[in-house]
Amino acid sequence: MIKEKVNTSLTFEDFKTEVLNDYRIAIISRECSLLGRKEVLTGKAKFGIFGDGKEVPQLAMAKCFKNGDFRSGYYRDQTFMMAIGELTIEQFFAGLYGHTDIDLEPMSAGRQMGGHFVTHSLNEDGSWKNLTQQKNSSADISPTAGQMPRLLGLAQASKIYRNVPGIPNADQFSIEGNEIAWGTIGNASTSEGLFFETMNAAGVLQVPMVMSVWDDEYGISVHARHQTTKESISEILKGYQKDENTNGFEILKVKGWDYVDLIATYEKAAEIARENHVPVLIHVDQLTQPQGHSSSGSHERYKNAARLAWEKDFDCIRQMKLWMIAINIASPEEIDAIDLEAKKEVFEGKKAAWNAFIGPIIEEQNELVAILERIAVTSAKKEEILRNAATLKSIKSPLKKEIMVVARKTLRLIINEEDKIELSNWITDYIKKTQPKFSSNLFSESDKNVFSVKEVLPQYPSDATEDTDGRMILRDNFDAIFSKYPETLIFGEDAGNIGDVNQGLEGMQEKYGELRVADVGIREASILGQGIGMALRGLRPIAEIQYLDYLLYAIQIMSDDLATLQYRTVGRQKAPLIIRTRGHRLEGIWHSGSPMGMIINAIRGIHVLVPRNMTQAAGFYNALLECDEPALVIECLNGYRLKEKAPLNYGEFKTPIGVVETLRKGTDITLVSYGSTLRLVEQAAKELFEVGIDCEIIDLQSLLPFDIHSDIVKSIAKTNRLLVIDEDLPGGASAYILQQIVEQQDAYNHLDSKPQTLTAKAHRPAYGTDGDYFSKPSAEDIYEKIYEMMHEVNPSKYPSLY
């Protein structure tokens, strides 16, 4: 039984009103879960995962959640979202049905299954709202613990806003850094490395984060004894407990059915985090999951009778009812009346959501049926068309897919009839209207997307006599960036004190401070998360991953969280994070890989930029800071000591994104490459020219987006031959490049020879100079490949080398 603890700052009537309102929200949420499962089982919804059993602790969390705060949560937080006023019954069911209207289903317009929540940080045009005037939730993702890295950055943003002066429009994103980032996670998901990595980092950074673990003893069907040492996350994290003279975090534990203790615990946690910027872990145990994990199974299969009986007795809503009756908050009859009214309200909300969802589709169904019945009158295929119309008409709750299947199959029947025009036009218009509901906003569609930035060329002194190391160009450009944009900051392994491993940030920490140019631990996933969270709150972070090969530690976060953010929120949230790394050709398996095929196919939604030198790279950073999109910039590892001309206009020159550059004009063959390999391509082209082969060399500069002006096909129209040189594995980025050129740009129309690729060997590169030579394309490989292609064209002029 819950013990009595009354907030003496409220009158009993005020207290009673507040408690009854909380109870009403809990009951509405529970009824949504119960009715939601039925909607799945009857086929109206595809899948359901609900927050039943977690209602009462989420009410307590909501009480301490203030305007400006951010949630980074777990797909069972529906009660919390209802309690802060950001989820209605109709919206809950619209999400379950997958409604594609963002006004009716504001969580993702049907792009994510129910249980994934978000608030809108952006106006429809992509401009920022004032985040301090609303309660905020970052967009959920399904991968377990995937919300953790982002949570770290959301909390760190408060620390930055509190301690870094001069950030423009800071009051739009923070009130002197007083915001808390609230995280939630299921107890089983704390087994993920992302949880431990993030919690460790939060303890190091000392950021205002409150992390709630909803503990119901199971992860789907697997008991906690198989998940967590000692079966208790708070027990095994005791070493992280903050002492008077150490960093770390506070650890609190509370029973999930104890309404009053939950409120007291959350108030204590909020005070610690908000005022002192100390992270807090709240272990909420003794929770239940009345309907099991999801609509795909029953928990009776794996819970014994004793556990099921306990869950029935200690259901948090039941315990709250007993407490309310015990202290005369409400009589059993009054509670029954609330329950009955909630059931009615949820049923009516469900019905309204279903009608709003199915109504427009039925109109489309009827529209197509009418067309089919009309064209059947004069068609030789009358009976088949009418049969299709009848089949479609008989579907009580049609899907858009079912409408399109009938329309397109009918079109095949009348391919040689004049009346096909009406049906053909209807299908074309329907696809044009419908497809964007499922495909828009992969990249920014605002006026600050990457294509809005105009190229600005580097300016050079007329009397320059000496070139400088490439790293110096980066360093001086970063200096200009940090001066120009107070909201920028950079962090990574060795990025601070020593100025990064290649000295591209030399002296920057001393000049701009440890918060803006920071060293971090070896923890790539949460480095990315720091960047995502801070970018979600209006800062312009640059997250540094020391080497391209180490990006694999963070690729899941990049792929599942950052890359999908604008898409899964239909452009209502953005995180314009810049990811800085270095890669290509150095020494050995782990420091010279170029897994570009994996990267570009995993992170669609993030731009991938591959500059061949540091001036190009600096220009990309300058351009990206004027955009509202995330990007990965891969600097060339072997380019930091190579000499380049030093520009005069640091911080101002901009490399165009998605635009290729022709490095050498030629007439015989088009060579396409990027990054470090271009230097070898240029060397081979010079040697080939001596034997009469004239190569045109094109630097891609960026892989995503790809050659937006289709300049490569213009070159092929002249040379009629194509070779893609790539240091990725066979079939990696080279396959993507060929697809873009040959299929998207229709280059096959101009080819007189088979388009070919020259790539690295299928294995990772071996160690040392010889390892590089025999693992990746060499100048000799490039020379001989091109020569072989020209031998096929003119064997008498170019006799076989071998």
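In this report, we go over the structure that sits alongside the text. (Residues numbered from 1 in each chain as written. Predicted model: local features only at pLDDT ≥ 70, side-chain atom pairs only at ≥ 80, totals over all residues. Heavy atoms only, no water.)

Right, let's get into the pattern of salt bridges. Taken as a whole and assessed by the stated rule, the structure comprises 44 salt bridges. When the shortest N-O distance is used, the salt bridge between Arg580 and Asp500 registers 3.0 Å. Here the residue Arg580 occupies a position in strand 13 (residues 578-583), and Asp500 occupies one in the loop between strand 10 (488-492) and helix 17 (508-512), the gap between them amounting to 80 residues. Assigned by exposure class, Arg580 and Asp500 land together as buried. Among the charged side chains, a salt-bridge network with shared partners connects Asp500, Glu544, Arg580, Arg582 and Glu635. (Salt bridge = Lys/Arg side-chain N within 4 Å of Asp/Glu carboxyl O. Helix = DSSP H or I, 4+ residues; strand = E, 2+ residues; numbered from the N terminus. Buried < 20%, exposed > 50% of the residue type's maximum accessible area, 1.4 Å probe, protein only.)

By the element assignment, Val517 lies in strand 11 (residues 517-519). In this structure, Val517 is in contact with Phe482, Ile490, Ala495, Gly496, Met508, Gln509 and Tyr512, ignoring residues within four places of it in sequence. (Contact = heavy atoms within 4.5 Å.)

On to the sheet that holds strand 8 (residues 280-285). Across the sheet, six strands lie side by side as 2-1-3-4-8-7; this open sheet has parallel pairing. Two strands lie at the open edges of the sheet, namely strand 2 (136-137) and strand 7 (250-255), each paired on one side alone. Sheet analysis places strand 7 next to strand 8, joined by six bridges and oriented parallel. Paired with Glu250 across the strands is Val280, a residue of strand 8. (Pairing = 2+ DSSP bridges.)

As a further point, take a negative patch on the surface. On the surface, Asp103, Glu124, Asp125 and Asp447 cluster together into a patch of negative charge. Mapping Asp103 onto the fold places it in the loop between helix 4 (89-97) and strand 2. Using a relative accessible area of 64% as the deciding quantity, one classes Asp103 as exposed. (Patch = residues over 30% accessible without salt bridge, like charges linked within 9 Å, V, L, I, M, F, W, Y side chains within 5 Å. Areas by Shrake-Rupley, 256 points an atom, 1.4 Å probe, with all protein chains shown as cover. Lys, Arg positive; Asp, Glu negative; His and termini not counted. Charge placed at Lys NZ, Arg CZ, Asp CG, Glu CD.)

Moving on, we get to unusual backbone geometry. Cis geometry marks the peptide bond from Leu704 to Pro705, where omega comes out at 0 degrees. The backbone phi angle of Asn441 is positive, close to 65 degrees, even though this residue is not glycine. Its location among the elements puts Asn441 in the loop between helix 15 (436-439) and strand 9 (468-469). With relative accessibility at 10%, the residue Asn441 sits in the buried group. The phi dihedral of Asn720 falls on the positive side, at around 70 degrees, and the residue is not glycine. The topology assignment puts Asn720 in the loop between helix 24 (711-719) and strand 21 (722-725).

Turning our attention to the environment of Ala83. Locating Ala83 in the fold gives a position in helix 3 (residues 78-83). Ala83 sits in the partly exposed class, given a relative accessible area of 28%. Put simply, Ala83 and Asp668 are 585 residues apart on the chain and 68 Å apart in space, counted from C-alpha to C-alpha. Discounting chain neighbours no more than four positions away, the residues touching Ala83 are Ile25, Leu59 and Ala62.

The next thing to look at is the environment of Glu197. Summarising the element assignment, Glu197 is placed in helix 6 (residues 193-205). Considered as a pair, Glu197 and Leu562 are 365 residues apart in the sequence and their alpha carbons are 18 Å apart.

Moving on, we get to the sheet that holds strand 11. The strands making up a sheet associate through hydrogen bonds between their backbones, and the pairing can be parallel or antiparallel. Sheet architecture is open: seven strands sit in the order 11-10-12-13-15-14-20, paired in mixed fashion. Across the chains shown, the open sheet's two edge strands, defined by having one partner strand only, are strand 11 and strand 20 (702-704). When strand polarity is set aside, the average angle formed by the axes of neighbouring strands in this sheet is 20 degrees. Across the sheet, helix 22 (residues 614-624) is in contact with strand 12 (540-544), strand 13, strand 14 (607-609) and strand 15 (631-636); its angle to strand 15 comes to roughly 165 degrees. (Axes fitted to C-alpha atoms, helices over the stretch in contact; angles between N-to-C directions.)

Okay, helix 5 (residues 148-163) next. Relative to the 22 Å expected for 16 residues at 1.5 Å per residue, helix 5 spans 24 Å between its end C-alpha atoms, a close match to the ideal helical length. Burial within helix 5 is extensive, with 13 of its 16 residues counted as buried. (Expected span 1.5 Å × (residues − 1).)

Of all the six residues making up strand 3 (residues 181-186), six are buried; the element is thus mostly covered by neighbouring parts of the structure. The alternating pattern of strand 3 places Ala181, Gly183 and Ile185 on one face and Trp182, Thr184 and Gly186 on the opposite face, and all of these are buried. Sheet topology places strand 1 (residues 70-72) next to strand 3; three bridges connect them, and they run parallel. Bridge assignment links Ser72 to a residue of strand 3, and that residue is Gly183. Two strands pair when backbone bridges link them, and strand 3 and strand 4 (residues 209-214) are joined in this way by six bridges, in the parallel orientation. Bridge pairing in strand 4 places Ile185 opposite Val213.

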